[in-house]
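Below, each chain spelled out in residue letters.
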Amino acid sequence: MQNIIDVQGLKKEFKSFSSRSGLKGAFRDLFTRNYTIKTAVDDISFTIKKGEMVGYIGENGAGKSTSIKMLTGILTPTDGKIVVNGMNPHKEREKFVKTIGVVFGQRSQLWWDIAVQESFRLLKKIYNVPDQQYEEHMKDVIETLDIGPLLDKPVRKLSLGQRMRCELAAALIHNPPLLFLDEPTIGLDVLVKLKIREFLKRINEKYGTTILLTTHDLSDIEALCERVVMLDEGKIIYDGPLKELRENWAEGKQIQFQFSEKATLEELQHLTQEHLVVWEKGESDLVWVASVDADETVISGVIGKVTAAKKIADLKILEISTEEIIRNIYVEGAVRHG
Amino acid sequence: MEYISIFFQYVGQYLKTRLTYRADMIVEIFSDLLFQAVNLVFILVVFGHTNLLAGWSKDEMIFIYGFFLVPFSIFASFFNIWDFTDRYIVKGEMDRILTRPVHSLFQIVLERMELESLFGVVTGLVVMFYAGDKLGLEISWYDPFIFILLVIGGALVYAGIFIALATIGFWSDSRTDIMPMMYNIGNYGRYPVDIYNKVIKYVLTWILPFAFVGVYPSSYFLEREEWYTYAFLTPVVGIVFFLIAVTLWNVGVTKYRGAGN
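Quick caveat: nothing in here was measured; it's all calculated off a predicted structure.

## So, helix H7 (residues 119-135) of chain B
All names here are of chain B.
Now for step 1: If you check H7, its first and last C-alpha atoms are 25 Å apart, about what 17 residues at 1.5 Å a residue would give, namely 24 Å.
Now for step 2: For H7, the complete set of buried residues consists of Gly 120, Val 121, Thr 123, Gly 124, Val 127, Met 128, Ala 131 and Gly 132. Viewed along the axis of H7, the buried residues span an arc of 160°, placing them on a single side of the element. Seen from the buried face of H7, the exposed residues on the opposite side, beyond 90 degrees, are Val 126, Phe 129 and Asp 133.
Now for step 3: Contact partners of the buried residues in H7: helix H2 (22-49), helix H3 (58-78) and helix H8 (143-166).
Now for step 4: Just past H7, the residue Gly 136 takes up positive phi, approximately 70°.

## Things to note about empty space enclosed by the protein
Now for step 1: For the structure shown, the criterion picks out three cavities of 30 Å³ or more.
Now for step 2: In this structure, the largest cavity occupies an estimated 60 Å³ of space.
Now for step 3: Forming the walls of the largest cavity are A:Gly101, A:Val102, A:Gln109, A:Leu123, A:Tyr127, A:Ala170, A:Ala171, A:His174 and B:Thr99.
Now for step 4: The set of elements that each furnish at least two residues to the lining of the largest cavity consists of strand S5 (100-104) and helix H6 (160-171) of chain A.
Now for step 5: The class makeup of the residues in the lining of the largest cavity is five nonpolar, four polar and no charged.

## Digging into the sheet that holds strand S2 (residues 34-49) of chain A
Residue and element names in this part refer to chain A.
Now for step 1: In spatial order, the strands read S2-S1-S4; together these three strands make up an open sheet with antiparallel pairing. The sheet is open, and its two borders are formed by S2 and strand S4 (79-84), each paired with just one other strand. Across the sheet, the mean angle separating the axes of adjacent strands is 25° when strand polarity is ignored.
Now for step 2: With 12 bridges joining them, strand S1 (residues 3-18) and S2 adopt antiparallel strand pairing. Across the sheet, residue Ile 5 finds its bridge partner in S2, namely Ile 48.
Now for step 3: In this fold helix H2 (residues 64-71) packs onto S1, S2 and S4, with an angle of close to 120° to the strand it touches most, S1.

## Some details on the environment of A:Gln273
Residues and elements named next belong to chain A.
Now for step 1: With respect to the helices and strands, Gln 273 occurs in the loop between helix H10 (265-271) and strand S11 (278-281).
Now for step 2: Judged by its relative accessible area of 56%, Gln 273 falls in the exposed class.
Now for step 3: Separated by 58 residues in the primary sequence, Gln 273 and Thr 215 place their C-alpha atoms 41 Å from one another.
Now for step 4: For Gln 273, the side chain forms a polar contact with the main-chain oxygen of His 270, separated by 3.3 Å.

## Comments concerning the layout of surface pockets
Now for step 1: Put simply, the second largest pocket is a space of about 830 Å³.
Now for step 2: Lining the second largest pocket we find 26 residues, and of these A:Trp111, A:Trp112, A:Asp113, B:Arg87 and B:Glu111 sit closest to its centre.
Now for step 3: Here the element with the most residues in the lining of the second largest pocket is helix H1 (residues 2-20) of chain B; it accounts for five residues.
Now for step 4: Looking at the lining of the second largest pocket, its residues break down into 11 nonpolar, five polar and 10 charged.

## So, the UniProt feature "transmembrane region" (unreviewed entry) in chain B
Now for step 1: Following the UniProt record, one finds the feature "transmembrane region" (unreviewed entry) at residues 25-50, 62-82, 115-132, 144-171, 199-221 and 227-251 of chain B.
Now for step 2: Its end C-alpha atoms 27 Å apart, residues 62-82 of chain B is made of 81% helix and 0% strand.

## Observations concerning the sheet that holds strand S7 (residues 210-214) of chain A
Residues and elements named next belong to chain A.
Now for step 1: With mixed pairing, six strands are arranged side by side in an open sheet as S5-S6-S7-S3-S8-S9. Single-partner strands in this sheet number two, and they are S5 and strand S9 (235-241). Averaged over neighbouring strand pairs, the angle between their axes works out to 15° when direction is ignored.
Now for step 2: In the sheet, S5 pairs with strand S6 (residues 178-182) via five bridges, with the strands oriented parallel. Bridge pairing links Phe 104 to Asp 182 in S6.
Now for step 3: Relative to strand S3 (residues 53-58), H2 is tilted by about 140°, and along the sheet it contacts S3, S5, S6, S7 and strand S8 (227-232).

## Focus on the pattern of salt bridges
Now for step 1: Scanning the entire structure with this criterion turns up 29 salt bridges over all chains.
Now for step 2: For A:Arg93, the salt bridge identified is with A:Glu94, shortest N-O distance 3.6 Å.
Now for step 3: Under the relative-accessibility criterion, A:Arg93 is labelled buried at 8%.
Now for step 4: Take A:Glu94: its relative accessible area is 29%, and that puts it in the partly exposed class.
Now for step 5: B:Lys16 is paired through a salt bridge with A:Glu118; the nearest N and O atoms lie 3.1 Å apart. Of this pair, B:Lys16 sits in helix H1 while A:Glu118 sits in helix H4 (residues 116-126), on two different chains.
Now for step 6: Residue classification places B:Lys16 among the partly exposed positions, given a relative accessible area of 44%.
Now for step 7: Several salt bridges share partner residues, and in doing so they unite A:Lys193, A:Arg197, A:Asp217 and A:Asp220 into one network.

What counts and how
- Residues numbered from 1 in each chain as written.
- Chains lettered and ligands numbered in written order.
- Predicted model: local features only at pLDDT ≥ 70, side-chain atom pairs only at ≥ 80, totals over all residues.
- Heavy atoms only, no water.
- Helix = DSSP H or I, 4+ residues; strand = E, 2+ residues; numbered from the N terminus.
- Expected span 1.5 Å × (residues − 1).
- Buried < 20%, exposed > 50% of the residue type's maximum accessible area, 1.4 Å probe, protein only.
- Arc of directions from axis to C-beta.
- Contact = heavy atoms within 4.5 Å.
- 1 Å grid on protein atoms, 1.4 Å probe; cavity = no way out; pocket = protein on both sides within 12 Å on 5 of 7 lines; lining within 4 Å.
- Points joined across faces, edges and corners; volume = space filled by probe spheres on them.
- Nonpolar A, V, L, I, M, F, W, Y, C, P; charged D, E, K, R; others polar.
- Pairing = 2+ DSSP bridges.
- Axes fitted to C-alpha atoms, helices over the stretch in contact; angles between N-to-C directions.
- Polar contact = N/O pair within 3.5 Å; in protein donor to acceptor, adjacent residues only side chain to side chain.
- UniProt positions renumbered as here; feature names shortened; annotations may be inferred.
- Salt bridge = Lys/Arg side-chain N within 4 Å of Asp/Glu carboxyl O.

What follows is the structure, given as C-alpha cells:
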C-alpha cells in the first residue's frame, strides 16, 4: 500500500525575541536583540499508509499542533521533507489542500452568521465540487451525522455539539482522501462524541479515508485508532500499535481500599511486606491504592492481609487505564520496550 | 474564470446577510455620506478665505475630491485589511484561510468586503459632475474609458500600500498604529501636490504614491497639461505597487508562525 504521509527529519524552530528587564534593558533592546530559538518539532520521521487511523498524542506544547500545521501546509518547516498525497504541502498549497480535510476543534470553518447550508454552498464553490458528486456524498454525510434539521440555522445559534458535527460535514464536502482532526471532541458530551466516532469509523470503512487525529481524550483514540504516535518535547517517543503500548505498560492491577478508620503508609507496608506492593494515598487519609502485579495469589494475598487487620468500607480492583499509562510514560520520559 | 464565480457567490451571500440587517446598512451609508460632506465643507471653508491655492481654484479642488472618492471607495469596499494583524494573525484565523484552495489574499478580500462603501462612487461622480459643470469641462467619447483606467490605477495604489503594510503582521504581531496614520497620509493625495513642499511631494509621488489617487489622474480631466505624464503613469504605478505588495504577501505567508494553541 502506498504512503499517504511521508515525513523525514521534519523540524520546526521558532525564533522569538526575549526582552531584557527594566528601562535600561528596554533601551538596549532597541539596538541589539536577544533571540531565543525554540525547537517545537525536533527531527521527526514517520509514514502513514492509506486507510490508517492514527492517533497523534502528546501533552500541551509537545509539538502536535505545529506538526499538524506543517502537514496541512499552514506552516513552512525549518528543515526536513514532507510528502503528503504526493505533494509538498507548503509549496503547492492551493492544489494540495483540495486533497485534505481539516477540522480544528477550537476554530470554526463555518461562517458565523449565515445558515449552515449557505456555508456548505460557499465551500462547495471554493472546492469546486461538481453538483452531482456534492448531492450524492453530502446526502450521506448529512444523514449519518444527523444534521438535516440544523441546515437552515445560522451557525451562531448552534450548540457546540451541533456545530462540531457541521464542522465535520464541512471538512468532507470535497470528499478528501485524508482528514486531519485537531481536538475534534473537545468540550463535547458523551453522546455527541460517540456519534462522531461512529461517523469517522464509517467514512474510514466506506471511502478508505485516512485519518490523523490529535486529542486529549484518550478514549477517542482507544475507540478509533490502532496505531498511536506519541510526541514529547518535539520528538517522537513512541510509534506503534496501541495494544502493544498497553501490554508493555499495564502489567499490573490496582486495588483501591476505602478504610473506615485512618491508615498510615508504614502500617500498610508492614501488613503486606511479603508481597511486592506500591502503596499510594488516594483522595483522603481513608483511601489507599495498592499497585500490584496481575497475579491472583498476590492480589488475594494482599486483600486477605489488609482486610484481616483493618475495617474496610469499600474495595475496588482497577485495570490501569491508558490515561495512566500515558502519564507514566511522560513521567519516565521514554517508552520501555518489552 | 474560477475566481470570478467564487467572487459572485460571496457577493450574493454578502447581500443576503446584509439585507437582513437593513437598518445597519442604511446607518453605514449615512455615516459615510456625512463624512464626505464634512470633507467638502472643509474645502469650502478654506476657499472662503482665498480664491486660488497654488494656482488651483475652488471648483478644481472639489473636482479632485470627487475623483478621489471613486478609487478610494472601491479600495474601501474590497480591501478592509487595516485590522489584518489582529483579526487573522493574533486570533489565528489565517490557519483556516490557509487550508482552503484559493489564494489567501483573495479570500481575505472576499471575507472582509463592505459593499456599502461603493456608495461613495455615486457621491464622487455627483461631486465631479457638479464641479465639472461649473468649470465648463467637456466630455469626449473616450473619457469614460480613461476614467475607468485611472480609477483602477488609483484603487490599486491604495490597495498596494495597505497590503504591503498588512504583511508586516507576518513578521511581527505586535500592535502598531501605522494603519490609522496611513489613512491620514492618504488624505493628502486629495489636494494638489504643489501646495506642499518638495519632500512631501516626492514622498506622495514615489514612496507612498497617494497623489496618484487624487490629484494626478484628475489633472487629466481638468486639462492641466503640465501633469499629463503623471496622470498617465497612474495605472503603471498602481500595477507596480500592487504587484510588489502581492509578492511581499506571498513571501509573508511562508513566514507565518500561527497562533499558539
